[in-house]
Amino acid sequence: MSRRGLMSEQLKYEIARELGVDHIVSTQGWGGVSSRDCGNIVAKAIEIANRNVGGQ
């Protein structure tokens, strides 16, 4: 079974930029981002998704 991402790379990077961790992604890749920051990225993505679903 293949794993596919639920978020586009562009969205992840935009959220990372908003949260101030884009420099880590640029220099170290996603593996360099702390668990806490990854959790914050996911929480922000959920917030955006809920806003989009609620706005329809």
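Here's a quick rundown of the structure. Keep in mind that what you see is a predicted model, and the values were worked out from it rather than measured. (Residues numbered from 1 in each chain as written. Predicted model: local features only at pLDDT ≥ 70, side-chain atom pairs only at ≥ 80, totals over all residues. Heavy atoms only, no water.)

## With respect to helix α3 (residues 35-54)
So, point 1. Taking 1.5 Å of rise per residue, 20 residues should cover 28 Å, and α3 covers 28 Å from first to last C-alpha, within 8% of that figure.
So, point 2. I41, K44 and A45 are the residues of α3 that are buried. For α3, the angular spread of the buried residues around the axis is 100°, confining them to a single face. The outward face of α3, more than 90 degrees from its buried face, is lined by the exposed residues S35, R36, N50, V53 and G54.
So, point 3. In this fold, the buried residues of α3 make contact with α1 (9-19). (Helix = DSSP H or I, 4+ residues; strand = E, 2+ residues; numbered from the N terminus. Expected span 1.5 Å × (residues − 1). Buried < 20%, exposed > 50% of the residue type's maximum accessible area, 1.4 Å probe, protein only. Arc of directions from axis to C-beta. Contact = heavy atoms within 4.5 Å.)

## Overview of the nonpolar core
So, point 1. Among the nonpolar cores identified, the biggest contains eight residues, and these are I15, A16, V21, I24, V25, V33, I41 and A45.
So, point 2. For this core, the secondary structure elements donating two or more residues are α1, α2 (22-28) and α3.
So, point 3. Dropping the residues within four chain positions of it, I41 is found in contact with M7, I15, A16, L19, V21 and W30. (Core = buried A, V, L, I, M, F, W, Y, C linked by side-chain atoms within 4.5 Å.)

## Concerning the side chain of K44
So, point 1. Structurally, K44 is set in helix α3.
So, point 2. Side-chain polar atoms of K44 contact the side chain of E18, separated by 3.0 Å.
So, point 3. Excluding its chain neighbours within four sequence positions, the residues that come into contact with K44 are I15, E18 and R51. (Polar contact = N/O pair within 3.5 Å; in protein donor to acceptor, adjacent residues only side chain to side chain.)

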